[in-house]
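Understanding the architecture of this molecule
Take a look at the letters that make up each chain.
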Amino acid sequence: QVQLVESGGGLVQPGGSLRLSCAASGSVFSINVMGWYRQAPGKQRDLVATITKGGRTNYADSVKGRFTISRDGDKNTLYLQMNTLRPEDTAVYYCNVEGLTLGPPLRPFGSWGQGTQVTVSS
C-alpha cells in the first residue's frame, strides 16, 4: 500500500505564506504525477496544481503567479509553496499521487492523503 501524509497547514494572515508538504511512503516504485487539490466548506474538491515526472506543471488560474508546486523525487515528497495568500484560499488541501507500486508485478496506483487545513484570516 501507499500512504500519503500532508503537513504544513495552519493559520496565516492575508498576504502571508505557507509551504505544504506531502510525503509518499510504502510500496512506491515510481511516481508519474503528483498534485494538490483543495476543498472549501460547501464546495467541490478542486485542482490546485500538478507536476509530472518530467517536471511539467499546471496551475489553477486562481493560484497562478502565487503558488509553486515542486517535488523531491529521492524522497517521494511533494511541496506547495503558497505566497500572497488570500482568504479565498482557505480550504483543506489534499495531496494526490499517481504511479506504480513496487512489484513484481508493478501495479498502477492513485492515493489521497487526509488533508491539511489552511486558513487565511486576519
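Conventions and cut-offs
Residues numbered from 1 in each chain as written. Predicted model: local features only at pLDDT ≥ 70, side-chain atom pairs only at ≥ 80, totals over all residues. Heavy atoms only, no water. Patch = residues over 30% accessible without salt bridge, like charges linked within 9 Å, V, L, I, M, F, W, Y side chains within 5 Å. Areas by Shrake-Rupley, 256 points an atom, 1.4 Å probe, with all protein chains shown as cover. Salt bridge = Lys/Arg side-chain N within 4 Å of Asp/Glu carboxyl O. Buried < 20%, exposed > 50% of the residue type's maximum accessible area, 1.4 Å probe, protein only. Phe/Tyr/Trp six-rings, centres within 6.5 Å; stacked < 30°, edge-to-face > 60°. Lys NZ or Arg CZ within 6 Å of the ring centre and 35° of its normal. Helix = DSSP H or I, 4+ residues; strand = E, 2+ residues; numbered from the N terminus. Pairing = 2+ DSSP bridges. Axes fitted to C-alpha atoms, helices over the stretch in contact; angles between N-to-C directions. Disulfide = S-S within 2.5 Å.

Digging into a nonpolar patch on the surface
Together, F29, L102 and L106 give the surface a local cluster of nonpolar side chains, amounting to about 310 Å² of exposed area. With a relative accessible area of 41%, L106 lands in the partly exposed category.

Details of the packing of aromatic side chains
Scanning all chains against the criterion turns up one aromatic pair. Lying over the aromatic face of Y79, R19 brings its terminal NZ or CZ to 4.0 Å of the ring centre. For R45, the ring lying beneath its charged end belongs to W112, and the centroid distance is 4.8 Å.

Remarks on the pairing of strand β11 (residues 116–120)
Side chains of β11 alternate between two faces, with T116, V118 and V120 buried and Q117 and T119 left unburied. The sheet contact formed by strand β2 (residues 10–12) and β11 spans three bridges and is parallel. Following the sheet pairing, G10 is matched in β11 by V118. Note that strand β9 (residues 91–101) and β11 share three bridges and pair antiparallel. Following the sheet pairing, V92 is matched in β11 by Q117.

Details of the sheet that holds strand β1 (residues 2–7)
If you walk across this open sheet you meet the four strands as β1-β3-β8-β7, and the pairing is antiparallel. Across the chains shown, the open sheet's two edge strands, defined by having one partner strand only, are β1 and β7 (67–72). Taken pair by pair, the neighbouring strands of this sheet meet at an average axis angle of 15 degrees, ignoring direction. Bridging between β1 and strand β3 (residues 18–26) involves six bridges; their strand directions are antiparallel. Across the sheet, the residue bridging to S7 is S21, located in β3.

Some remarks on the state of the cysteines
Taken as a whole and judged by the stated rule, the model has one disulfide. What pairs with C22 in a disulfide is C95, and their sulfur atoms sit 2.0 Å apart. Disulfide C22-C95: torsion about the S-S bond near -80 degrees, hence left-handed. Here C95 lies in strand β9 and C22 lies in strand β3, a separation of 73 residues in the sequence. The class of C22 is buried, set by a relative accessible area of 0%. By relative accessible area, C95 is classed as buried at 0%.

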